[in-house]
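Single-letter residue listing:
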Amino acid sequence: MSKALDGVRILDFTHVQSGPTCTQLLAWLGADCIKVERPGVGDITRGQLRDVPNADSLYFTMLNHNKRSITLDAKNPKGKEVLEALVKSCDVLVENFGPGVLDRMGLTWEHIQQLNPRMIYASVKGFGPGPYEDCKVYENVAQCTGGAASTTGFRDGPPVVTGAQIGDSGTGLHLALGIVAALYQRNATGRGQRVLAAMQDGVLNLCRVKLRDQQRLAHGPLKEYSQYGEGVAFGKATPRAGNDSGGGQPGWILKCKGWENDPDAYIYFITQAPVWAEICKVIGQEDWITHPDYATPDARLPRLKGIFARIEQWTTTKTKFEAMDILNKFDIPCGPILSMKEILEEKSLRETGTIVEVDHPKRGKYFSVGLPIKLSDSPAEVKRSPLLGEHNDEILRDVLKFDAKKVEEIKASGALGGSKSMAAE
Ligand code: CAO
């Protein structure tokens, strides 16, 4: 079956997480993704957080499926020649090096355009143009500078970073959309273009509702925040809101049966207005259906803490899954707090390909997250990540059409590295 991005070739000059997330998505959508790695070590994540000796880490394998790998010393003249040949024969170059790295390699945007005017040159950087554009950035730096940390956590505690990799994977996702849009525009213009996704911008985009609240503060307290009901005054900036829902329908995380011993025996419960009567019936508090202090959403806002405490009396009598079953019958929005263990064991996620099992020659079988976007005409098939330099010959011969003499010349120059990495050995 054909794939959505069949015929698109990516020069994947990415490393760590943000860039590889982007190119992995494009590869799952059908692009031919050629990962260029430094000889000997490759992407630094191959060896980071290793759980199996001498095998590529899960950090690397789970971010680099469906790609081919070539090792290339971009600072060796022959290596540079191969790199430029790749620029000429690819549609998209994706990179997430520190600021200025590609320029120092001689691959300025001007030079890339000379080599291949159709090339789309896509970058992840920590910041866009401005005072911080020269800074290197990792995930949590982006979460802090993009507004996520100051608005996450509890009011009486410090800022908190989230486990969701909104800085890295979130920005990779933004970049992938920019690349696909640029490919589409190229159909009309015939020209490539630069695509930039800055991690600060990507995080801020995902924190849009918090910037909304910042502006609402000028017009009065944020009544849906539980601190309003607790009589705590608002400061100058959007506060941390604990587990408040952040939307127009109040919610909170409530204990369920077994919470004393199970750190994940909780449920997220939303007191959605249209099902208020059903909520009251389920918890056995029918008088709240018509009581003036509880009957309307506005009346409930200053009383949310007490309301959730009462609902929790009910949820602690049920396991999170029992509560979910009962509440769903009445269309009451809720969600059990699922541990990674529970998610990994969830049958339905395996059936949809959201969790996939992959076999790897060095590490054996492992699980990964597949493509979370399902296309009916372009189903993603998850293939293992490449070993370091696994496709050196194939790329020189079949993609760049170099003859045997030229391939030998390049190898002899050391441009592909002398020996293979630990991973490929
Ligand atoms: N051949 C020769 N040299 C190579 C090479 C190759 N194939 N691949 C990389 N290099 C060299 C580069 O030329 C560069 O050297 P110079 O600084 O001397 O020019 C160096 O390796 C890589 O530099 P870097 O700044 O990208 O790497 P770092 O480990 O110091 O920093 C990171 C890592 C992530 C902080 C930085 O790349 C960055 O800020 N990237 C942009 C933001 C980003 O994506 N952050 C997310 C990181 S987690 O997903």
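The rules behind these values
Residues numbered from 1 in each chain as written. Predicted model: local features only at pLDDT ≥ 70, side-chain atom pairs only at ≥ 80, totals over all residues. Heavy atoms only, no water. Disulfide = S-S within 2.5 Å. Domains from an automatic or database assignment. Helix = DSSP H or I, 4+ residues; strand = E, 2+ residues; numbered from the N terminus. Polar contact = N/O pair within 3.5 Å; in protein donor to acceptor, adjacent residues only side chain to side chain. Contact = heavy atoms within 4.5 Å. Pairing = 2+ DSSP bridges. Axes fitted to C-alpha atoms, helices over the stretch in contact; angles between N-to-C directions.

1. Re the state of the cysteines
Stage number 1. A full pass over the atoms with the stated rule returns zero disulfides.
Stage number 2. Take Cys90: it sits in no disulfide, and the sulfur closest to it among the cysteines is that of Cys33, at 9.0 Å.
Stage number 3. Not engaged in a disulfide, the cysteine Cys207 finds its nearest cysteine sulfur in Cys144; these two sulfurs lie 11 Å apart.

2. Topic: the domain arrangement of the chain
Stage number 1. Taken domain by domain, the chain consists of domain 1 (9-206 + 345-423) and domain 2 (242-332).
Stage number 2. Using only C-alpha atoms to locate each centre, domain 1 and domain 2 end up separated by 43 Å.

3. Some words on the side chain of Asn66
Stage number 1. Within the element layout of this structure, Asn66 appears in the loop between helix H2 (58-61) and strand E3 (67-71).
Stage number 2. Side-chain polar atoms of Asn66 contact the backbone oxygen of Glu381, separated by 2.7 Å.
Stage number 3. Not counting residues up to four positions away in its chain, the partners in contact with Asn66 are Ala27, Trp28, Cys33, Glu381, Val382, Lys383 and Arg384.

4. Here we look at the sheet that holds strand E6 (residues 194-198)
Stage number 1. Strand order in the open sheet made by the six strands is E3-E2-E1-E4-E5-E6, with parallel pairing throughout. The sheet terminates laterally at E3 and E6, the two strands that pair on one side only. Taken over all neighbouring pairs, the strand axes of this sheet differ in orientation by 20 degrees on average, direction set aside.
Stage number 2. On the sheet, helix H3 (residues 77-89) packs against strand E1 (9-13), strand E2 (32-37), E3 and strand E4 (92-95) and is oriented at approximately 145 degrees with respect to E1.

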